[in-house]
Amino acid sequence: MGEPGMIGVLQWGTLAVCCIITLGRLPSALRGENRSLFSIFALLTLAILLSIDAPYVAVDQALGGMNVANLVLRFVIFAAVFFLGFRMARGFGADDARRLITGPIGIAAAAAASAAVVVVFLMMDTAGSSAGLAGIAAKDGHQAALVECYGAAGRLYPTFIMLALFPAMMRTLRSGLSVLVRSGAALLALGAVAISLSLLFPAIPPPLGFLRFVINYTAVLCVVLGLVLFWMAKGLAKRGSKKQASLTGVTWR
C-alpha cells in the first residue's frame, strides 16, 4: 500500500472509530448523562471529517470555496481541546491544570492562538477549496510560508492544553488506580506527546510528509481511546458500587 492509500486508511479508520464512539455515547447524552463527554467526541468526529479531502471540499464549496471550512476546523479543534482539558482536569482532580486552562493564562493562550489563526488566514490567498490548504501552499513560496505559519498557530493552543494536563496524567500513571484508568492516562499522555511533536512539522522534509498524518491521527486516536477507557472504568466502578449497595441493603441513587 502506497502513502496515499495508507493515509486514506488512517483517515477513514479514525473517522469510523470516532463515529462509533460518538453514537455509542448518544443514548446517555439524550438522558442528560455526561453530555460534555459526548460533545468532545462529537467535536473530534467533526474535526476528522473536515480533515478528509472529499467531505472537506463539499463543505467548503457550500461555504463559498474560500477554505473557510479550514478556519471552522481550527475552531472546532480549539473547542474540543478546551472541553477535553476542562473535563480531564476535573477527572484527574488536577486543580492546578484546571486553573491554568480556565484562568487568565489559559484565556490569553486561547485568544492569542485564535487571533493568530484569523490574521494569518486573512493574509493568505484562500481561493480554491483544498483540504489541508495543500493547494494554497502550492501557489508560491510566500503562500507556502503563510500556510506553515497558519498551521503552527493552530497547533499552539492544543499543545498548551495537553501540556497543562501532562503532569496530572503522569501522576495518574504512578497512582494505585485501576488498570483501565492508568491505561487511559497512558494513552492521553501519548496523545499529548504526539500533539507536542506537531510543533516540529516545519522541520519534516517533504519526502517524509506522511509523518504529519501519522502524528496527527495517532494523537486523535490516543485521546479518543483514552477517554473510552475512562468511560469504561467509570461504568465498572458504578456497577461495583451498585452490587455492594444491594448486598448491604443500600439503594443506589
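Please refer to the structure placed before this passage.
Thresholds, definitions, all that
Residues numbered from 1 in each chain as written. Predicted model: local features only at pLDDT ≥ 70, side-chain atom pairs only at ≥ 80, totals over all residues. Heavy atoms only, no water. Axes fitted to C-alpha atoms, helices over the stretch in contact; angles between N-to-C directions. Helix = DSSP H or I, 4+ residues; strand = E, 2+ residues; numbered from the N terminus. Parallel < 35°, antiparallel > 145°, perpendicular 65-115°, else oblique. Left-handed = near helix turned anticlockwise from the far one by under 90°. Contact = heavy atoms within 4.5 Å. Nonpolar A, V, L, I, M, F, W, Y, C, P; charged D, E, K, R; others polar. Salt bridge = Lys/Arg side-chain N within 4 Å of Asp/Glu carboxyl O. Buried < 20%, exposed > 50% of the residue type's maximum accessible area, 1.4 Å probe, protein only. Core = buried A, V, L, I, M, F, W, Y, C linked by side-chain atoms within 4.5 Å. Phe/Tyr/Trp six-rings, centres within 6.5 Å; stacked < 30°, edge-to-face > 60°. Lys NZ or Arg CZ within 6 Å of the ring centre and 35° of its normal.

Caption draft 1: Main features of the packing of helix H2 (residues 35-49) against helix H4 (residues 68-92). Viewed as axis vectors pointing N to C, H2 and H4 meet at an angle of 150 degrees, and their least axial separation amounts to 9 Å. When the axes of H2 and H4 are compared, the pair comes out roughly antiparallel. As H2 runs across H4, the sense of the crossing is left-handed. Facing Ser36, Leu37, Ile40, Leu43, Leu44, Leu46 and Ala47 of H2, the residues of H4 in contact are Leu73, Val76, Ile77, Ala79, Ala80, Phe83, Leu84 and Arg87. Here the contact of H2 with H4 is built from residues that sort into 13 nonpolar, one polar and one charged.

Caption draft 2: Seen up close, the pattern of salt bridges. Under the counting rule described, the total for this entry stands at four salt bridges. The residue Asp125 makes a salt bridge to Lys139 at a minimum N-O spacing of 3.1 Å. With Asp125 in the loop between helix H6 (104-123) and helix H7 (134-137) and Lys139 in the loop between H7 and helix H8 (141-173), the pair connects residues that are 14 residues apart, well separated along the chain. Since its relative accessible area comes to 36%, Lys139 is described here as partly exposed. The closest approach of N and O atoms between Arg212 and Glu148, which form a salt bridge, is 3.0 Å. Taken together, the positions of Arg212 in helix H10 (residues 210-248) and Glu148 in helix H8 put the pair 64 residues apart, joining distant regions of the chain. Judged by its relative accessible area of 27%, Glu148 is partly exposed.

Caption draft 3: Main features of the side chain of Arg25. Examined against the element boundaries, Arg25 turns out to sit in helix H1 (residues 3-30). Residue classification places Arg25 among the buried residues on the basis of a relative accessible area of 3%.

Caption draft 4: Region of interest: the nonpolar core. Judged by nonpolar contacts, the single largest core of 66 residues is most densely connected at Met88, Phe92, Met124, Tyr150, Leu165, Met169 and Leu227. Of all the elements in the fold, those that place two or more residues in this core are H1, H2, H4, helix H5 (95-102), H6, H8, helix H9 (179-197) and H10. Per element, the largest residue contribution to this core is 12 residues, and it comes from H8. Residue contacts for Met124: discarding those within four places in its chain leaves Leu133, Ile136, Gln143, Leu146, Val147 and Tyr150.

Caption draft 5: Layout of the packing of aromatic side chains. Here the structure, examined in full by the defined rule, presents six aromatic pairs. Consider the rings of Phe92 and Phe230, whose centres lie 5.7 Å apart with planes at 80 degrees: the pair is edge-to-face. Placement of Phe92 in helix H4 and of Phe230 in helix H10 is noted, with a sequence separation of 138 residues between them. Between Phe121 and Tyr150, the ring centres sit 6.0 Å apart and the planes meet at 45 degrees, which makes this aromatic pair tilted. Pair noted here: Phe121 is in helix H6 and Tyr150 is in helix H8, with a separation of 29 residues, a long-range link. An identical accessibility class is assigned to Phe121 and Tyr150; each is buried. Grouping aromatic residues by their ring pairs yields a cluster made of Phe75, Phe78, Tyr157 and Phe160. Sitting over the face of the ring of Trp231, Arg25 holds its NZ or CZ atom 4.4 Å from the ring centroid.

By themselves, these figures tell us nothing about what the structure is for.
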